Each structure stands twice: as structure tokens, then as C-alpha cells.
Amino acid sequence: MTQQMNPNPLANYFRQAKLYTPLPSRGRYYADGAIEWPATGEVAIFPMTAKDEMAMRTPDALLNGQSTVDVIKSCIPAVKEPWDIPSIDMDCILISIRMASYGNKMSVEPKCPKCATQNEYELDLTNILAKTLGAEWNDFVQIDELKFGLKPLSYRQINAKSLRTFEEQKLISNLELSEDMDQEVKMQRFNESFKFLTELTLETVIDQVEYISLPDGVVVTDRNHINEFIANADTNIYREISATLSNNKSRYDIPPMKIVCDNEECKHEFEQNLEFDAVNFFGLNS
Ligand SMILES: [Zn+2]
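The following refers to the structure shown. (Residues numbered from 1 in each chain as written. Predicted model: local features only at pLDDT ≥ 70, side-chain atom pairs only at ≥ 80, totals over all residues.)

1. Side note on the overall build of the chain
Helix and strand content of the chain: eleven helices and ten strands. When its C-alpha atoms are laid out on the principal axes, the chain stretches across 65 × 60 × 40 Å. Burial statistics for the chain: of 286 residues in total, 21% are counted as buried. Considering only residue pairs separated by 6 or more positions, the chain has 66% of its internal contacts joining residues 24 or more positions apart. (Helix = DSSP H or I, 4+ residues; strand = E, 2+ residues; numbered from the N terminus. Buried ≥ 20, exposed ≤ 12 C-beta atoms within 10 Å, placed from the backbone. Contact = placed C-beta atoms within 7 Å.)

Listed below in C-alpha cells is the structure:
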């Protein structure tokens, strides 16, 4: 109310939306109310504020995903609950925010694995954006009589899983380093870690099964029923679901850059992966 009584004369100079873009999901796979999908089919992207930029560069805050969530909320007002963003939208969202903040070009400095020359390379992010927008998510797989509905993981699920993986890997490398531990105890701990990571992989697949529909029309959505079924199903079923999901994922993956080393005496050809996690992405070009 006070704001209305005393409007800020600077209001017209606040940041404006810099670009409008569709998202790979086209607004599907979000929980109710998590996104206000615009009638135009394109969401407005605002550039980062100074506060957003600082939040993205705080390493500790990045690990738990909260900074990414806050920045998305700030830059894409249509997204009401960033934790619900489906995995297939994440790269597109981060790339758009970067484009709105720093422009379409991004310079990268891939290091030649052969001669260690720091190559200079300029990337046009519009091409990468177009690739993620053109990809399609296959949202079911029919296996004999059963139809399995597939849904991409949410950012919340991805974040929780990568935190658990990170913790477990830390544990494993501590084990490797510890010299005074009994060999047998050590082996047992390794086995436990291995089992943990295998279960996590299994869980990641099952979490993407949204429903199972039966030939008589019954549709099972109960998580416990789905979990129990997969635990008792033929391994072929798991394998086929898993293969469909990795095909889905590969369609959204950003292909590695093909680099020819700048060094005249080297000219080595190599591939460089682009990772659009917040750290790599917003730490650059600063
Ligand atoms: Zn080289």
C-alpha cells in the first residue's frame, strides 16, 4: 500500500524482459501452479540483478540448489516454483538467463589435451537453445500388455539425488585415502557404497515412471504399487524403461564442441563437453 501511495519515480527504469522463449516442456510436467504458462507460449526472461549474480557465484550456496532456484524466480516470473522445473527445461532456462544477462555469445577456453594450449572459442548460445527446444520427450513406453507413462525428474529430485551421490563419493574417496583401516572393514564399506549407488540408479529410473496402465483400463499411479511392481518384475521391463529414458535424455543433451587446436604445430582435434550447471555457467565471463 505504501508503495502505491508513494510510487517510485525510478520504476520505469527497472529491468525489462530481455527475451521471450518457449521451453522444451511447453509447460507440461510442472505441478499445479508451479508455472503460469503464457498464452503466447513464450516466457519472459529478465536479466540477473546484482544480487542474483552474487548468489550464483557463492560456491556453498550453489551446492544445495537454493541459489539457482532464487535466481530463476527472480529472472523468470512465470515460474512460481522453480523446484518443480522438469529436467528437460533446466539447460534452456539457465542458457536463457545467461543470454538475457550477458548476450548470445559465450567465450570458452578449452585446453588441448595434447599440448595444453589454451584455445579460444566463441560459442553462440542461440544454437544450443534451438537444440534443446527442438528435442522431444517420449512420454510412454509400451512393454507387452503394459503401458508405462514417463515423466522427467524435477529439479528438486535431481538436486536431492546429486547431493546424495556427492556425499557418497566423498565417503568413497575418504575410504580410499584411509590407510590404517582394516582391509576387511574397508571392503565392506566399499560394497555398501556400491550398493547405495546402484539403488540410487534404480530409484532414478523408477521415479520417472509416472503411471502404469493395464489393458483393462486401470491406471496405477500409487508410488508404492509402482515400486513394488518394478521390484518384482522381469529385468527386461526395467531395462526397456531405462533405455527409453536414456534415449530421451540424449535428445536434450548438448553435444560436445569439436575443437581443432589453435597451436600450428599441434592441430589436434578433440571434443570438449559443455556443462551448463550454475557454477561453470555463471562463473565464466565475469
Ligand atoms: Zn594442441
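2. A look at the packing of helix H7 (residues 155-177) against helix H8 (residues 183-207)
Helix-helix packing is characterised by the crossing angle of the two axes and by the distance between the axes. Packing of H7 against H8 leaves a shortest axis separation of 10 Å and a crossing angle of 165°. Classified by the interaxial angle, the pair formed by H7 and H8 is roughly antiparallel. The two elements H7 and H8 cross, and the hand of that crossing is left-handed. Facing H7, whose interface residues are Gln157, Lys161, Arg164, Thr165, Glu168, Leu171, Ile172 and Leu175, H8 presents Lys186, Arg189, Phe190, Ser193, Phe196, Leu197, Leu200, Thr204 and Asp207. (Axes fitted to C-alpha atoms, helices over the stretch in contact; angles between N-to-C directions. Parallel < 35°, antiparallel > 145°, perpendicular 65-115°, else oblique. Left-handed = near helix turned anticlockwise from the far one by under 90°.)

3. Description of the environment of Cys75
Note that Cys75 resides in helix H4 (residues 66-75). For the pair formed by Cys75 and Pro47, sequence separation is 28 residues and the distance between their alpha carbons is 6.1 Å. When near neighbours in sequence (up to four residues on either side) are disregarded, Cys75 contacts Ile45, Phe46, Met48, Asp52, Ile97 and Ala100.

4. A word on the environment of Lys161
With respect to the element layout, Lys161 can be found in helix H7. Non-local contacts of Lys161, meaning those with residues more than four positions away in its chain, are made with Leu200 and Thr204.

5. A word on the sheet that holds strand S5 (residues 140-143)
Pairing in this open sheet of four strands is antiparallel, and the strands run S5-S6-S7-S8 from one edge to the other. This sheet does not close on itself; its edge strands, each paired only once, are S5 and strand S8 (219-220). Here S5 pairs with strand S6 (residues 146-150) via four bridges, running antiparallel. Bridge pairing in S6 links Gln142 to Lys147. (Pairing = 2+ DSSP bridges.)

6. A word on the packing of helix H5 (residues 87-102) against helix H6 (residues 125-134)
Where H5 meets H6, the axes come as close as 10 Å, and the angle between the chain directions of the two elements is 155°. Judged by the inter-axis angle, H5 sits roughly antiparallel to H6. The chirality of how H5 crosses H6 is left-handed. Contact with H5, carried on its side by Asp91, Cys92, Ile95, Ser96, Arg98 and Met99, involves Leu125, Ile128, Leu129, Thr132 and Leu133 of H6 and no other residues of that element. Across the contact of H5 with H6, the residue classes tally to seven nonpolar, two polar and two charged. (Nonpolar A, V, L, I, M, F, W, Y, C, P; charged D, E, K, R; others polar.)

7. Details of the pairing of S6
Count of turn residues in the S5/S6 antiparallel hairpin: two residues, of which Asp144 carries a positive phi of about 55°. Looking at chain direction, S6 and strand S7 (residues 209-213) are connected through four bridges and run antiparallel. Considered in S7, the bridge of Leu150 is made with Val209.

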